[in-house]
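# Remarks on the overall topology
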Amino acid sequence: MNNFDKIVNLCKNRGFVFPGSDIYDGLANTWDYGPVGVELKNNIKRAWWKKFVQESHNSFGVDADIFMNSRVWDASGHTASFSDPKMDCKSCKTRHRADNLIEAHAKGKVNPDLMSNEEMEKYIAEHKVACPKCGKSEWTNIRNFNLMFSTSRGVTDDSQNLIYLRPETAQGEFVNFLNVQRSMRAKVPFGIAQIGKAFRNEVTPGNFIFRTIEFEQMEHQWFCKADTSMDFYEEYKKRAMDFLLDLGFNHEHLRYHDHDKLAHYAKAACDIQYQYPIGWEELNGIHHRGDWDLSRHQEYSGKSMFYLDPYTNEKYVPNVIEYSIGCDRLTLAVLCEAYEEQTLEGGDTRVVMHFHPAVAPYKVAILPLQKNLSDKANEVYTKLAKHFMVTYDEAGSIGKRYRRQDEIGTPMCVTIDFDTLENNTVTVRDRDTMEQIRLPIEELVDYVSKKVVF
Ligand code: GAP
């Protein structure tokens, strides 16, 4: 079994992530977070918010509605062109993205992003690119399928009532530019951040939570003046990388990937890629979008998006530097980065998840050495649970209990023994070094607090 399959198995068996609609044999590209996974994901979201809102001077959070006026998607360009070039295999009737077929076939020798639909069709025909399902090479022409999920509002099912599940959170930030600027008396440059669900009708293989049809994005738009925008673009590239390094990623597993093909309005764009067990893949994007978004909303809504600089009296539509990262894709990267199979002295093995303590699902596990110590153990549990997510385990040998905690990445195990009853001290075992120290119970909250800061 390769590491990716082992991580997917661990996720299912240890309560991180379950297949969606599991008892009905699932639904493609949907996954449910379990009790341990939801803690991990919430902690990742908190860590991101802390860096990009709390500690970020002049950045403000919003939580916009998933449903938006359909004209938003006309203005953003999603109605007209948010589509994938798809082809059907005439033999087995499966549907595939033409660019993915070329990418897999050419192994980096050509870049389908730079090709038109006609050029992709020609390449696939000339190279007899095979269907990954049945191996035949009998393709329909490319058709562009819009990735937005639509539904209708109200009681009638006509196109007047068509609304979309948002395919990105960014538009909620753009349409609130004026609201945030006025209500917070914000001065350009300033940022608007949001964490929320987005939906895309993806048909390509999802690779677990890497690509799903419902996912969460963490997006930050930085509104600035054109002549300062390139500097901010570089700053956000660095901030995005620093956030990942702060989370404990090895820098060798991350790289910048500058885009060859830019949208007509974009001045620069790059991804940060992570070396997943499935290969180097996009983890997040940083895009210099010029004044395109606000100008388009000005055009479609008829509302002025001009900003009046109170110091210089200049009037202009700000440029935007967008930083966007998928929370689920980051959660997968955090899981892959944390995973280690270790051989210990004496030949024993353990699987350990080396999560940064700030994002670890549980900070502490309370382990009474024997069941008759459970009253004291519960007392310690209650005390710590007021401050952190704490778990409790009294089943099995202490060695097995340590292994279970290592597998869900609990940074500290607190053991209650008979000395605890005598002198109110406990043993604290470190997940990574497995070293143990003795501490008075009254010092525990302070001790753990210092370890879990992000
Ligand atoms: N507002 C810009 C935007 O949405 P994007 O590159 O389409 O840009 C940003 O998406 C990020 O969202 C990606 O870098 C990725 O982390 C995440 N993402 C996109 N599609 C996804 C999907 N189907 N499943 C999981 N994450 C996805």
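How each quantity is defined
Residues numbered from 1 in each chain as written. Predicted model: local features only at pLDDT ≥ 70, side-chain atom pairs only at ≥ 80, totals over all residues. Heavy atoms only, no water. Near = heavy atom within 4 Å. Polar contact = N/O pair within 3.5 Å; in protein donor to acceptor, adjacent residues only side chain to side chain. Areas by Shrake-Rupley, 256 points an atom, 1.4 Å probe, with all protein chains shown as cover. Helix = DSSP H or I, 4+ residues; strand = E, 2+ residues; numbered from the N terminus. Nonpolar A, V, L, I, M, F, W, Y, C, P; charged D, E, K, R; others polar. Pairing = 2+ DSSP bridges. Axes fitted to C-alpha atoms, helices over the stretch in contact; angles between N-to-C directions. Phe/Tyr/Trp six-rings, centres within 6.5 Å; stacked < 30°, edge-to-face > 60°. Buried < 20%, exposed > 50% of the residue type's maximum accessible area, 1.4 Å probe, protein only. Expected span 1.5 Å × (residues − 1). Arc of directions from axis to C-beta. Contact = heavy atoms within 4.5 Å. Domains from an automatic or database assignment.

## A few points about the site of the ligand
Taken together, 18 residues surround the ligand, and among them Glu168, Arg200, Glu219, Glu282 and Leu283 come closest. Side-chain polar atom of Arg200 to an oxygen atom of the ligand: 2.8 Å apart, as the coordinates give it. Within the side chain of Glu322, a nitrogen or oxygen atom sits 3.0 Å from a nitrogen atom of the ligand. In the complex, 91% of the free accessible area of the ligand, which totals 560 Å², lies under the protein chains. Elements with a minimum of two residues in the shell around the ligand: strand E10 (214-224), strand E13 (279-288) and strand E16 (319-326). The biggest single contributor to the shell around the ligand is E16, with four residues. The class makeup of the residues in the shell around the ligand is five nonpolar, five polar and eight charged.

## Here's the deal with the sheet that holds E16
Strand pairing within a sheet occurs via backbone hydrogen bonds; the two strands may be parallel or antiparallel. The seven strands are arranged E3-E9-E10-E16-E13-E12-E11 in an open sheet whose pairing can be described as mixed. Every interior strand has two partners, whereas the edge strands, strand E3 (59-61) and strand E11 (254-258), have only one. If you compare each strand with its neighbour and ignore which way they point, the axes differ by 25 degrees on average. Pairing geometry for E10 and E16, over eight bridges, is antiparallel.

## Observations regarding the packing of aromatic side chains
For the coordinates displayed, the defined rule picks out 22 aromatic pairs. Between Phe190 and Phe223, the aromatic rings sit 5.5 Å apart at their centres with planes inclined by 35 degrees, giving tilted as the arrangement. Here Phe223 lies in strand E10 and Phe190 lies in strand E9 (residues 190-199), a separation of 33 residues in the sequence. The same class applies to Phe190 and to Phe223, which are both buried. A ring pair is formed by Tyr381 and Tyr392, whose centres lie 6.1 Å apart and whose planes are at 80 degrees; its orientation type is edge-to-face. Note that Tyr381 is positioned in helix H12 (residues 374-385) and Tyr392 in strand E20 (residues 390-392), a separation of eleven residues in sequence. Accessibility expressed as a relative area gives 24% for Tyr392, which makes it partly exposed. Here the aromatic cluster, defined as three or more aromatic residues joined through ring pairs, consists of Trp48, Trp49, Phe52, Phe243, Tyr323 and Phe454.

## Focus on H12
Its twelve residues give H12 an end-to-end C-alpha distance of 16 Å, which sits within 8% of 16 Å, the value for a rise of 1.5 Å per residue. Within H12, the full set of buried residues consists of Ser374, Lys376, Ala377, Val380 and Leu384. On an axial view of H12, the arc spanned by its buried residues comes to 160 degrees, and they lie on one face. The inward-facing, buried residues of H12 abut strand E19 (364-368), E20, strand E21 (412-416), helix H14 (418-423) and helix H15 (444-451).

## Some thoughts on the domain arrangement of the chain
Taken as a whole, the chain is organised into domain 1 (3-65 + 168-336), domain 2 (83-146) and domain 3 (362-451). The straight-line distance from the C-alpha centre of domain 2 to that of domain 3 is 55 Å.

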